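# Summary of structural features
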Amino acid sequence: MLLKGLPFLSFDQWLLLTADKEMLVNDETISRAFEFFAVDKNHHKIKAEDVKNRFDPQGEIDDYVWTKLVLRVDVNVNGELEKDEFEEMVRYMVYGEDK
């Protein structure tokens, strides 16, 4: 039974809120995630559209949100994320701030 007035959390939201973030966000997991997102393995960069498609395959989140997220970490403003930019994005999404 849900408590009246409290929002419903999906399992993945609950997991993110309760998980050990240091265990989830480390060099190994970031490297694996980067390889997952990097569609072109020889390019070693992630296109902004790849990030949107991986995080939101159903297109439920407005494109503006993804554009803002990518632009926040795309230091060289080339529309692609290098590994260091991707790492900053992941840390921002998990911690809500630079870490």
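Up top is the structure.
No experiment lies behind these values; they were computed from the predicted model shown. Throughout, a residue's number is its position along its own chain's written sequence, starting from 1. Only residues with pLDDT of at least 70 are given local features in this predicted model, and only at 80 or more are side-chain atom pairs given and counted; all residues enter the totals for whole chains, interfaces and linings. Excluding hydrogens and water, the side-chain values take into account all heavy atoms of the structure.

## Some details on helix α3 (residues 27–37)
Our working definition: Partly exposed describes any residue whose relative accessible area lies between the buried limit of under 20% and the exposed limit of over 50%, with all areas from a 1.4 Å probe on protein chains only and scaled to the type maximum. Think of it this way: any DSSP run of H or I at least four residues long counts as a helix, any run of E at least two long counts as a strand, and we number them from the N terminus. Here the arc refers to the set of directions running from the helix axis out to each C-beta atom. In protein, a polar contact means a hydrogen-donor-capable atom and an acceptor-capable atom, both N or O and within 3.5 Å, with residues adjacent in sequence counting only if both atoms are side-chain atoms; elsewhere, any N or O pair within 3.5 Å suffices.
Here α3 has its buried residues at Ile-30, Phe-34 and Phe-37. One side of α3 holds all its buried residues, which, seen down the axis, span an arc of 65 degrees. Capping of α3 at its N-terminal end is provided by Asn-26; its side-chain oxygen lies 3.1 Å from the backbone amide nitrogen of Glu-28.

## Considering the packing of α3 against helix α6 (residues 83–95)
Let me state the cut-off plainly: Each axis is a line fitted through C-alpha atoms, and for a helix only the stretch in contact is used; angles between axes span 0 to 180 degrees, taken between their N-to-C directions. An angle counts as roughly parallel when it lies under 35 degrees, as roughly antiparallel when it exceeds 145, as roughly perpendicular when it falls between 65 and 115, and as oblique in every other case. In this scheme, a crossing is called left-handed if the near helix is turned counterclockwise away from the far one by less than a right angle; it is called right-handed if the turn is clockwise. Note on contacts: a residue pair qualifies if any of its non-hydrogen atoms lie within 4.5 Å across the two residues. Each residue gets one of three labels, nonpolar for Ala, Val, Leu, Ile, Met, Phe, Trp, Tyr, Cys and Pro, charged for Asp, Glu, Lys and Arg, and polar for the others, Gly among them.
Interhelical geometry of α3 versus α6 gives an angle of 110 degrees and a closest axis separation of 10 Å. Between α3 and α6, the angle is such that the two are roughly perpendicular. Our pair here, α3 against α6, has a crossing hand that is right-handed. In this structure, α3 contributes Asp-27, Ile-30, Ser-31, Ala-33, Phe-34 and Phe-37 to the contact, and α6 contributes Lys-83, Phe-86, Glu-87, Val-90 and Arg-91. Of the residues that constitute the contact of α3 with α6, the class distribution is 6 nonpolar, 1 polar and 4 charged.

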